[in-house]
Amino acid sequence: MAEAHQAVAFQFTITPEGIDLQLSHQALRQVYLSGVRSWKKRLSRLKNNFITGVYPASPSSWLFVVIAILATMYTRSDPSMGLICPSFYTCQTVVSAVLFSTLLWLSLIFTMRLCLKQLLSYHRWMFEQHGKLSNTTKIWALVRIFSGRKPLLYSYQGSLPNLPVPAIKDTVKRYLESVLPLMSASEFERMKSLARDFESGLGNRLQWYLKLKALWAANYVSDWWEEYIYLRSRGPIMVNSNYYGMDFLYVTPTPIQAARAGNTLHALLLYRRKLNREEIKPVSCTIIPLCAAQCERIFNTTRIPGEETEITGINNSLSLLNSDYLAIYHRGRYFRLWMYNAGRLLSPREIEYQIQRILDDPSPPSAGEEKLGALTAGDRVPWAQARKQFFNSGINKRSLDCIEKAAFFVTLDDDEQGMMGNDPDGSLDRYAKSLLHGKCYDRWFDKSFSVVIYKNGKTGLNAEHSWADAPVVAHLWEYVLATDSFQLGYNEEGHCKGDINPNLPKPQRLSWDIPQECQEQISESLEVAKALADDVDFHVFPFRDFGKWQIKKFRLSPDAFIQMALQLAYYRDKGMFCLTYEASMTRLFREGRTETVRSCTSESFLCYFEDHCRRLFRQACDKHQHLYRLAMTGAGIDRHLFCLYVVSKYLGVESPFLKEVLSEPWRLSTSQTPFQNVELFDLVNHPEYISCGGGFGPVADDGYGVAYIILGENMINFHVSCKHSCAQTDSHKFGAQIRRALLDLLALFCPDQNEPTIAGNPQTKKDL
């Protein structure tokens, strides 16, 4: 609000008597409150930086060390071995003691952090069976002692280990094992020859540069991964890169659009406040903290288009000048909505009131405004050129800056979405497509995330992928859903709780002056985006026949079980196996992001066709779990080979092995969405309050994208995507194959099962 009044805060007129200066006291007060709030954020960040800097010690421990040193000196002992002035009662002695205590305290902190980093570098515990821990792992459990009592969100960042660079021979060996079931004997021998030449020749040279980078950088993968996989991509990010998250599956807390927006937007800004104060509990894997670096760019972040490469910028959270407003789209108009008034966050009821003002605004969109967002949905080069030519100055630049600097983007959608009673399956499919691409112009796909509020009260979000991975956004969204329903709530009429302040300033319409040439580019981008969106075939379905409880009862990993079912489903659908991508995280390391688990293995291949498939199936699940753990602990395949390929390009050398490896298509791309904030939901007393998870578009033109989320003990939700343009893929057909595969695999472990081959007719590897 302060920015809105700055233009009228100072007004003056020149008269014969001199200059008549007029001040707007209300505007000056808003400017003052905005400055106070900014300085409070600065002081809070400085305090948190200090607390994080001395972690795992606490600031109060300094006083304890000083008192201990002074007490020791009182007994006529000199713990400094002559560094402190021997005369106890002088000011110089006390100052010397305090300085010595401070140096000792800092030395102890350095030692504790070094010990903590070494403990966090130990990952053998992941490969040991439950109940059969080694003595080393039992001693390693002392990590709890060095973990401190109340860590802040970023307390562990300085103690997390760097991602290690695997040995060339280990990566090549694992790669050859992964392609063995997918190649003929002659193809495999040729690939093995290429791998052998690479390992003994060029690979060692490239590895040397990679190890040099690992010594210098916090993570040898993440910056190149973000730049070359995301920011240098010149095709549309809509569908191809962005992903989505859904609302509750069975429940809509209120059917009133403005009310749902009030609670949702308020909860999002509560999360941002906790994030700024670092009050969010660090996410951990068992007792090991995960890297939180991606959380820094959740809010106030926008992807800026470029002709060759792009940047993920305008993150004001790092400079403590968080935007106090949101950019909102409704019926072709863009609005700026201030979320603070008189130095405080608007209540949910006040936000509802402001949103209703936008919904009731009858003004039409200006020329070219309605479909402006299509520029972010089409190819990146035309958008970069249009941004430079038409949005580089004047009113267009100011309005575009407002969108790009907003905390996040909001779309008030006139459609109704969610699971509808008359067509539950088809309505979920339409809901997924709406969140993934909408109308191709009513989302701002460059924003870190865009919240969608539908007419019937359903919500969802669309997230840009370059700045962070899905678990970070899922953690945010789970908090929002839980806060909306279980903490904020609604009154009996379905409105937000609280009172309305009728004196709030109206939401501000953004103004545009879009020339005809730019409108033509918008139309071209929209045509590209619509062709891409119309080609997406989506199927979302909840699987309720059984869940992780039944799988764990047979001492199997739920994730491995589902991955084996996906392999079987793909074989039944295509009559063959394929290179399969499963996303794993590497956030056990500093600035870690993801690694690939190659789920199709020789063990999974054999278990479907050989006799004794129950035993072989267990071996396949165990192998998958082993590969998943290797990926998590920095011993994966694909990120190492990717970085070696980048180094080869910098050096201007060609590697036939790397070129072939990186050109292999992922026809089955899968990802599990983790359910992290379990404590915020009561699935026992309120089982209907479960999210449907989220999904993404197909990676290959002739392949499938499959996202799944394991909810509670008896439910798994699947999101299946492919393309209509490929006659060999059908999302509904593949969804049916997944259902059938899950049931067939579970039947293996029923007491009356006679262990037939799972795939149907008995065949051996040799026959195939």
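Just so it is clear, the structure is predicted and the values come from calculations on it, not from any experiment.

## Considerations on the overall build of the chain
Thinking step 1. Each helix and strand in the chain was counted, giving 24 helices and 22 strands.
Thinking step 2. Here the chain holds 768 residues, and 55% of them are scored as buried.
Thinking step 3. For the chain, contacts bridging at least 24 residues in sequence account for 78% of all contacts bridging at least 6.
Thinking step 4. Accessible area for the chain stands at about 33900 Å²; split by element, carbon and sulfur atoms hold 55% of it.

## Here's the deal with the sheet that holds strand β14 (residues 459-463)
Sheet strands associate in pairs through backbone hydrogen bonding, adopting either a parallel or an antiparallel arrangement.
Thinking step 1. Spatially, the 8 strands line up as an open sheet ordered β15-β9-β8-β12-β13-β14-β3-β20, and their pairing is mixed. Two strands bound the open sheet, and with one partner strand each, they are β15 (508-509) and β20 (694-696).
Thinking step 2. Note: strand β8 (residues 325-330) against strand β12 (residues 409-412), 3 bridges, orientation parallel. Following the sheet pairing, I328 is matched in β12 by V410.
Thinking step 3. Those strands touched by helix α14 (residues 394-404) are β8, β9 (333-338) and β12, and its axis lies near 105° from that of β8.

## Examining a nonpolar patch on the surface
Thinking step 1. Together, W208, Y209, L212 and L215 make up a nonpolar patch on the protein surface, roughly 480 Å² of accessible area in all.
Thinking step 2. Within the fold, Y209 resides in helix α8 (residues 202-216).

## With respect to helix α11 (residues 348-360)
Thinking step 1. The terminal C-alpha atoms of α11, which comprises 13 residues, lie 18 Å apart, in line with the 18 Å expected from a rise of 1.5 Å per residue.
Thinking step 2. For α11, the complete set of buried residues consists of P348, R349, E350, I351, E352, Q354, I355, I358 and L359.
Thinking step 3. Of the surrounding secondary structure, the elements contacted by the buried residues of α11 are α10 (257-276), β8, β9, β11 (344-345), β12 and α16 (470-488).

## Quick notes on the packing of α10 against α11
Thinking step 1. In contact at an axis separation of 8 Å, α10 and α11 are set at 130° when each is read in the N-to-C sense. By the angle between their axes, α10 is oblique relative to α11. In this structure, α10 meets α11 at a crossing whose hand is right-handed. Between α10, through Q257, A258, A259, A261, G262, N263, L265 and H266, and α11, the contact on the second element is made entirely by P348, I351, E352, I355, Q356 and L359.

## Overview of the sheet that holds strand β22 (residues 715-723)
Thinking step 1. Taken together, the 6 strands give an open sheet; going across it, the order is β16-β22-β21-β19-β17-β18, and neighbouring strands pair in mixed fashion. The sheet terminates laterally at β16 (536-543) and β18 (594-598), the two strands that pair on one side only. For this sheet, the mean inter-axis angle between neighbouring strands, taken without regard to orientation, is 20°.
Thinking step 2. Pairing of strand β19 (residues 668-672) with strand β21 (residues 704-711), which is carried by 5 bridges, proceeds in the parallel orientation. Across the sheet, T670 pairs through a bridge with V706, a residue of β21.
Thinking step 3. Each of β16, β19, β21 and β22 is contacted by helix α24 (residues 731-747), which is oriented at about 30° to β16, the strand it contacts most.

## Remarks on the UniProt feature "active site" (unreviewed entry) in the chain
Thinking step 1. Per the UniProt record, "active site" (unreviewed entry) is annotated on H465.
Thinking step 2. Relative to the elements of secondary structure, H465 occurs in the loop between β14 and α16.
Thinking step 3. Contacts of H465, omitting those with residues within four sequence positions, involve Y230, S241, N242, Y243 and R593.
Thinking step 4. A polar atom in the side chain of H465 sits 3.4 Å from the side chain of Y230.

## So, the packing of helix α19 (residues 558-574) against α24
Thinking step 1. Where α19 meets α24, the closest approach of the two axes is 8 Å, and the angle between their N-to-C directions is 125°. Of the possible angle classes, the one that applies to α19 and α24 is oblique. Here α19 and α24 pass one another in a crossing that is right-handed. Contact residues: α19 offers F561, I562, M564, A565, L566, L568, A569, Y570, R572 and D573, while α24 offers K733, F734, Q737, I738, R740, A741, L742, D744, L745 and L746.
Thinking step 2. In the contact of α19 with α24, the residues fall into 14 nonpolar, 1 polar and 5 charged.

## Quick word on the nonpolar core
Thinking step 1. Counting 56 residues, the largest nonpolar core has L265, I298, I328, M339, I355, F408 and F449 as its most contacted members.
Thinking step 2. In this view, I298 contacts Y271, L275, S448, F449, W467, V472 and L476; residues no more than four positions away in its chain are not counted.
Thinking step 3. One finds W125, L160, C291 and A635 within the second-largest nonpolar core, a separate group that totals 55 residues.

## Some words on helix α17 (residues 516-534)
Thinking step 1. Taking 1.5 Å of rise per residue, 19 residues should cover 27 Å, and α17 covers 27 Å from first to last C-alpha, within 8% of that figure.
Thinking step 2. Buried within α17 we find C518, Q521, I522, S525, L526, A529, L532 and A533. Axial view of α17: buried residues confined to an arc of 140°, hence all on one face. Exposed side chains of α17 directed beyond 90 degrees from the buried face belong to Q516, E527, A531 and D534.

## Structural notes on the pairing of β18
Thinking step 1. The buried fraction of β18 amounts to 5 of the 5 residues, a majority that puts the element mostly inside the structure.
Thinking step 2. Burial along β18 is two-sided: T594, T596 and R598 and E595 and V597, pointing in opposite directions, are all buried.

What counts as what
- By convention here, each chain's residues receive numbers from 1 onward along its written sequence.
- Thresholds applied to this predicted model are a pLDDT of at least 70 for local features of residues and 80 or more for the giving and counting of side-chain atom pairs; totals over whole chains, interfaces and linings are not thresholded and use all residues.
- Derived side-chain values reflect all non-hydrogen atoms in the structure, with water molecules and hydrogen atoms excluded from consideration.
- Note on conventions: DSSP H or I runs of at least 4 residues are helices, E runs of at least 2 residues are strands, and numbering of each starts at the N terminus.
- Burial classes: relative accessible area under 20% of the type maximum marks a residue as buried, over 50% as exposed, and values in between as partly exposed (1.4 Å probe, protein chains only).
- We call two residues in contact whenever any of their non-hydrogen atoms come within 4.5 Å of each other.
- Each accessible area is a Shrake-Rupley result for a 1.4 Å probe, and residues are judged covered by the shown protein chains and nothing else.
- At least two DSSP bridges between two strands are required for those strands to pair.
- Lines fitted to the C-alpha atoms define the axes, with helices restricted to the stretch that makes contact. Angles between their N-to-C directions range from 0 to 180 degrees.
- Each patch groups residues whose relative accessible area exceeds 30% and which form no salt bridge, using 9 Å between like charges and 5 Å between nonpolar side chains of Val, Leu, Ile, Met, Phe, Trp and Tyr.
- What makes a salt bridge here is a side-chain nitrogen of Lys or Arg within 4 Å of a carboxyl oxygen of Asp or Glu, nothing more.
- Expected span of a helix: the number of residues minus one, times 1.5 Å.
- An angle below 35 degrees is read as roughly parallel, one above 145 as roughly antiparallel, one from 65 to 115 as roughly perpendicular, and any other as oblique.
- Handedness of each helix crossing follows the sense of rotation of the near helix against the far helix: counterclockwise by less than a right angle gives left-handed, clockwise gives right-handed.
- UniProt positions are given in the numbering used here, feature names are shortened, and annotations may be inferred rather than shown by experiment.
- Counting of polar contacts relies on pairs of N or O atoms within 3.5 Å, with two restrictions inside protein: one atom must be capable of donating a hydrogen and the other of accepting it, and residues adjacent in sequence are counted only when both atoms are side-chain atoms.
- Each residue receives one of three labels: charged for Asp, Glu, Lys and Arg, nonpolar for Ala, Val, Leu, Ile, Met, Phe, Trp, Tyr, Cys and Pro, and polar for the others, Gly being one of them.
- Here, the term nonpolar core denotes a set of buried Ala, Val, Leu, Ile, Met, Phe, Trp, Tyr and Cys residues that are joined through side-chain atoms within 4.5 Å.
- This arc describes the spread of directions from the helix axis toward the C-beta atoms.

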